[in-house]
Structures are given as C-alpha cells and as structure tokens.
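Residue strings, one per chain:
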Amino acid sequence: TAAAAGSSSDGENARAAAELARRIAAEVARRRNFAIISHPDAGKTTMTEKLLLYGGAIHEAGEVKARANARSATSDFMALEKQRGISISSTAMTWQYQGSCLNLLDTPGHQDFSEDTYRTLAAADNAVLLVDGAKGIEPQTRKLFAVARLRGLPVFTFVNKMDRPALNGFEIIEQLEKEFGLQSYPVTWPIGSGDRFCGVYHRPSNKVLLYAKAGRGKAAASEQYELGDPALAGIIEADLLEQLMEEVELLQILGDEPSAEEIASGAVTPMYFGSAFNNFGVDLFLQSFISLAVPPRPAKAKGNPAVLAALEPSEDSSSSNGSSGSKAAGSTSIEGTVSPESTHFSGLVFKLQANMDPKHRDKVAFVRVVSGKFDKGMKVKVARTGRVVSLSRPQQMFAQSRATVQEGFAGDVIGLTNPGAFAIGDTIYAGPELSFPPIPSFSPELFAYLRCAPNQKKAFAKGVEGLLGEGAVQVLYSTDEYITDPILAAVGQLQFEVVQYRMKDEYGVDTSLEPLSFCVARWVLGGWPAVERAGRMFNTTVVKDAYGRPVLLFRNEFAFNQVIAEQGEKLGELSAFALP
Ligand code: G4P
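Every value quoted in this text rests on a predicted model; they were computed, and no experiment measured them.

So, on to the overall build of the protein chain. Within the protein chain, the regular secondary structure consists of 15 helices and 33 strands. Looking at the protein chain as a whole, 44% of its 580 residues are labelled buried. Expressed as a percentage of contacts within the protein chain between residues at least 6 apart in sequence, the contacts between residues at least 24 apart total 71%.

Here it is as structure tokens:
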C-alpha cells in the first residue's frame with residue numbers, strides 16, 4: 001500500500017506539473033510586451049492614455065497626464081523629479097484587453113534621456129514607433145530606434161496627429177526606408193489630413209472608416225463603408241476620394257502583406273494612421289498590434305543544460321533524443337536559450353531606482369520575468385553572488401501607483417524592494433543555475449570630471465562606487481596616475497544631475513562638474529596592445545574604463561573619422577558599447 005500511495009502522489013505531482021506548464025504556456029501566449037519610441041511632443045502620453053482606456057485600466061482619458069502633472073502632490077518620487085516636473089524613471093503599466101495582457105514599458109518622454117531609457121527598451125519585446133505626422137522622423141526617435149534594431153525587435157509605426165496638416169503617407173514610408181532601412185506595410189491609410197482629414201482606409205477589411213471629431217476622453221464614433229461604396233462620393237470630397245483610389249492602387253504595387261517572420265524580425269513595420277488626441281485609429285492599431293506583435297521570446301543564456309535548449313543542434317549531439325542525461329547534468333554549463341514557457345522561474349534586473357519613497361528610503365529593482373512563474377514570497381538565487389533572496393514585497397507598477405503582485409509570467413515587470421542584493425544586469429532564478437548575458441552599456445556622448453572637497457574623498461569614493469554599481473552612470477579614468485577624479489560618462493545631461501543630487505542626498509557629498517568637450521567614445525577591443533600598435537594619435541584622448549580597458553574619446557565625429565582613416569587598421573575593432 002505504501003508503494004500505491006507513493007505512486008498516487010507521484011501522479012498528483014505530475015498532474016500539478018502539467019497544470020503549471022499549461023498555465024504558463026497560456027499566460028505567455030497572451031502577453032504582449034512593448035515600449036513606445038518617440039520624440040517628445042509626438043503624443044506618447046496621449047497615446048498611452050488612449051491605449052489604457054481600451055482596457056478599462058483608467059476610466060477617464062487625462063488621468064495619465066493628470067498623474068504626471070499632479071506628481072509633486074500625490075507621489076513620493078525623487079525630489080529632483082518634482083523640481084524638474086518630469087519623470088526620470090521609467091515604469092511599466094499592465095492591463096488586460098480582449099483576452100490579451102499588455103505590458104507597456106514606459107520610457108521617459110522628456111528631452112533628456114538616460115541609460116534607463118535604453119535599458120527599458122532592452123526589456124521590451126516589441127517597439128511602437130510613434131511619429132508626429134507633420135514632423136516625420138525626429139532625432140530622439142533615431143537613437144531609440146537604433147536600440148530596437150540592435151535587439152531585432154518588431155516595430156509598429158503609428159503616424160499621429162493626422163487631424164493636423166501632415167506629410168503624405170508615402171513621404172513617411174520613404175523616410176523610414178531611407179533612414180532605417182525599414183520597409184513599411186500600411187495596415188490603415190489616411191484620407192486627407194488637417195482640416196480635410198476624413199478617416200482611414202483599413203486594408204484588411206477593405207473598409208473606409210470615417211472620422212468624427214471627438215471630445216477628450218471619448219472614442220470617435222466612426223461610420224464604415226466598403227471602399228467601392230457609391231455613398232462615399234457623397235461624403236468624401238471628390239479630389240480626396242480620387243487620391244485615395246490612386247493611393248490604394250499604389251499601395252498594392254508597393255508590396256504584399258508581410259509574413260509573420262518579416263514582422264517579427266523587424267524587417268517590415270506594420271503602419272497605422274490616426275489621431276491619438278481624438279482617439280481615432282487607435283482601436284484599429286491596438287487590435288492589429290495584438291494579433292501581429294510577438295509574445296515574450298526565448299532569451300539567450302548560459303547555464304545548466306536542464307533549463308536550456310542548446311542554441312544550435314550541436315555537432316556532438318550523438319544522442320538524438322536530446323536528453324541531458326548524456327552530460328553530467330548540473331556540472332556542465334552550456335550556452336543556449338531559455339524558453340519563456342519553462343517551468344523554472346528566471347528574471348533579469350534591468351533597472352534600479354533609489355528613493356522612490358523618501359519615507360522609507362527604499363530602492364526598487366525592476367525585474368523582467370524571462371521564464372516560469374513568479375510567486376510572491378518565492379526564494380531566488382542571484383547568479384552573480386550566489387545569494388538567496390526572498391522576494392517578499394513584489395510590486396507591479398501602474399503609472400506611479402504600486403500594487404502588490406501575487407504572480408507573474410514572462411514579459412511582466414515586477415518591482416522588488418532591493419535590499420542591496422541586486423545590480424543592473426543581474427540574473428535571478430529559482431530552478432537550475434543560469435545567467436543571462438550582460439546588458440550592454442550604451443555609448444556615452446557627454447563627459448565631465450566629477451570633483452569634491454578634499455575632506456570628503458572617502459564618502460565621495462563610496463558614492464561613486466555605489467552609483468557605478470547601480471548603473472546610474474558610467475565612469476572613466478584618466479591614464480595619468482596623478483589625475484584621480486573620475487570622468488562621468490553619460491548619454492544624457494540628466495544623468496549628471498541625478499548623480500550630483502544623489503551624491504549630496506545619499507552620501508552627503510557636495511560635488512562639482514567640469515564638462516569635457518568630447519562627444520564620441522570607442523572601446524578598443526584589442527586592448528592596450530592595440531593602442532600601443534597605433535602609436536601616437538592626434539585628435540583623440542585615451543582613457544580607461546572601470547575595468548582598466550582602453551577607451552578613446554573624440555571631440556567630434558570628424559576627429560573620429562580621421563583617426564580611423566589614419567590608424568584604424570592598427571587599432572583594430574572598436575566598439576561604441578562597453579560590455580561589462
Ligand atoms: P509626449 O508625451 O510625446 O510628449 O506628447 P503628449 O501626449 O504630451 O502630446 C503633446 C501635445 O500634442 C499635446 O498638446 C497633445 O494634446 C497633442 N496631441 C497628441 N496627439 C494629438 C493628435 O492626435 N492631434 C493633435 N492635434 N494633437 C495631439 P499640448 O497642447 O502640449 O497639451 P494639452 O494641452 O493638449 O494637454
């Protein structure tokens with residue numbers, strides 16, 4: 001009977017495991033995780049608001065903006081944020097819509113951006129490119145797009161503000177192709193713009209949806225007609241209708257519907273037109289997005305073969321059944337991919353934020369769940385330190401209010417109160433050992449010496465180390481041993497301000513900045529021997545990073561190109577990104 005009892009509990013365990021696997025697969029399949037890439041003022045806040053409205057996540061449009069405006073009154077964010085009236089942090093918003101679970105990773109919308117913006121993008125699976133119809137592609141969009149490209153994200157383009165005079169859709173298609181090498185597939189197409197904007201043509205249904213101006217917070221009621229419906233002649237002005245018929249024909253010549261693979265790889269961008277402010281075209285976008293966007297993807301990792309699928313069917317896989325039993329499981333470490341559907345929990349710390357609540361002086365580590373199921377209170381191991389941490393106070397971020405999370409699946413972002421256990425790029429896991437590759441540091445463009453009063457050197461060093469560890473800023477050093485002041489290297493001016501603020505607030509150190517007039521940095525992958533081979537270089541300054549590796553700083557692109565032309569061969573490969 002003992003054996004019988006054992007086998008029945010085995011059976012229960014197997015059933016529970018199968019049920020967990022089924023649940024995880026279903027949750028992963030319905031998740032769509034994305035970030036919006038745009039230039040300030042293109043309408044990201046407005047668009048976010050409208051998207052949230054569809055899931056009933058907010059009840060009145062204007063709430064997101066109201067929250068942003070009322071931030072100084074209602075939230076306990078960093079004082080610097082209050083002073084500047086901007087959001088320095090990027091958080092995640094989660095809501096449900098028609099059976100899908102949407103995770104929007106919010107990147108700060110202000111002019112200054114920081115590495116956080118990039119890292120947030122590094123945690124997204126899909127990118128939505130929001131373009132102001134009148135302005136087309138703008139500078140900040142270019143930078144962010146480069147990151148999306150680097151990660152091979154699918155890109156969805158929404159051309160906004162069509163109720164204002166806008167560029168012709170074909171001009172925007174051309175810009176995307178010229179600037180980004182991105183092919184467009186318009187899913188909707190605008191009819192007129194500005195005062196003459198009268199709706200969009202929806203290609204999948206061959207219908208014309210007419211635009212009616214809406215009040216704030218209301219969805220514009222839209223009438224629908226078949227494209228060939230004679231009634232349209234009485235509604236749309238003759239020249240616009242004629243133009244539409246011509247453009248629809250042109251679109252057909254332009255290209256067929258892309259394959260799922262072409263969209264997923266980011267080669268072709270599905271394109272939509274509308275007006276976020278008037279809530280027109282947003283629903284068509286959202287429905288199409290849900291069906292075309294990719295669910296959380298497998299992630300590259302290194303670790304125990306029991307959790308990883310080998311990257312490529314390796315030559316030596318003589319045992320065709322692929323069982324890990326052939327290797328000494330647990331002792332070997334392979335490179336492979338972790339499926340989001342694995343039943344073993346793993347996550348990546350992509351952002352740290354200090355002092356979100358000054359009353360508690362807490363720190364929050366933002367974790368993107370990569371695989372398995374996250375449970376409140378679960379114990380995980382930090383791959384870097386081997387430390388076991390209990391995740392007892394997990395929070396999900398909705399705009400700026402925090403709610404306690406009970407569970408999470410791949411693609412979800414969870415905020416963990418950080419007992420100093422986490423650093424950016426940390427892997428946490430609950431099953432067999434694994435670790436994700438480091439998140440690249442992004443090429444800095446601003447440089448400045450950071451200095452303090454002589455009697456504060458000790459606290460200063462501690463502060464620099466702390467902020468460096470958190471990834472708040474990159475630090476470089478002069479190769480001259482007598483110059484010990486660190487050089488802060490950042491992608492946005494705001495990072496400097498945050499460092500100075502936090503040095504004072506958290507470490508009690510007054511600092512001063514001396515800006516340096518460099519704007520390009522390149523890591524010399526060949527190391528110091530390559531720098532020596534190159535010999536004397538003009539127009540560049542050699543410094544070292546926190547790991548002692550050589551970095552070249554240039555005053556401008558011109559100087560960079562000149563050095564490359566003259567000494568590029570000897571220097572060998574250069575990288576704009578530093579890998580820890
Ligand atoms: P951002 O987060 O990307 O910076 O942009 P945000 O949504 O704040 O929008 C910037 C401005 O553009 C806002 O006007 C917003 O109302 C307007 N806007 C957004 N979408 C549309 C659209 O589809 N059509 C038109 N015509 N305008 C749009 P504002 O005057 O700066 O603010 P507000 O007074 O309207 O709040």
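A few words on the site of the ligand. Residues in close proximity to the ligand total 18 residues, the closest being Gly43, Lys44, Thr45, Ser275 and Phe277. When grouped by side-chain class, the residues that make up the shell around the ligand number 4 nonpolar, 8 polar and 6 charged.

The next point concerns helix H15 (residues 557-571). Relative to the 21 Å expected for 15 residues at 1.5 Å per residue, H15 spans just 17 Å between its end C-alpha atoms, considerably shorter than the ideal helical length. In the structure, H15 departs most strongly from a straight axis at Ala565, where the bend amounts to approximately 60°. Within H15 the residues assigned to the buried category are Phe560, Val563, Gln567 and Leu571. Residues of H15 that are buried make contact with strand S30 (520-524), helix H14 (527-534), strand S32 (550-554) and strand S33 (574-575). Gly572 sits one or two positions beyond H15 and adopts a positive phi of about 75°.

Strand order in the open sheet made by the 4 strands is S13-S14-S12-S25, with antiparallel pairing throughout. Every interior strand has two partners, whereas the edge strands, strand S13 (309-310) and strand S25 (434-435), have only one. As paired elements, strand S12 (residues 299-303) and strand S14 (residues 334-338) share 5 bridges and run antiparallel to each other. Its bridge partner being in S14, Ala299 is matched across the sheet by Val338.

Picture the strands of a sheet paired through backbone hydrogen bonds; they go either parallel or antiparallel. The strand order across the open sheet built from 8 strands is S29-S26-S28-S27-S31-S32-S30-S33, with neighbouring strands paired in antiparallel fashion. In the strand order of this sheet, the two ends are held by strand S29 (511-516) and S33, each with one partner. Of the strand pairs in this sheet, strand S26 (residues 446-452) and strand S28 (residues 487-490) are connected by 4 bridges, and their pairing is antiparallel. Across the sheet, Tyr449 pairs through a bridge with Ile487, a residue of S28.

Attention shifts here to the confidence of the model for the protein chain. For the protein chain, the mean per-residue pLDDT works out to 83, and 82% of the residues sit at or above 70. Here residues 69-78 scores under 50 on pLDDT; set against residues more than four positions off or in separate chains, the count is 15 contacts. Below pLDDT 50 for its whole length, residues 314-330 participates in 10 contacts with residues either more than four positions away or in separate chains. Taken over the whole predicted complex, pTM reads 0.82, whereas the ipTM for its chain interfaces reads 0.97.

Reading guide: rules and limits
Residues numbered from 1 in each chain as written. Predicted model: local features only at pLDDT ≥ 70, side-chain atom pairs only at ≥ 80, totals over all residues. Helix = DSSP H or I, 4+ residues; strand = E, 2+ residues; numbered from the N terminus. Buried ≥ 20, exposed ≤ 12 C-beta atoms within 10 Å, placed from the backbone. Contact = placed C-beta atoms within 7 Å. Near = placed C-beta within 6 Å. Nonpolar A, V, L, I, M, F, W, Y, C, P; charged D, E, K, R; others polar. Expected span 1.5 Å × (residues − 1). Bend = angle between axes of the 7 residues up to and from the residue. Pairing = 2+ DSSP bridges. pLDDT = per-residue confidence, 0-100.

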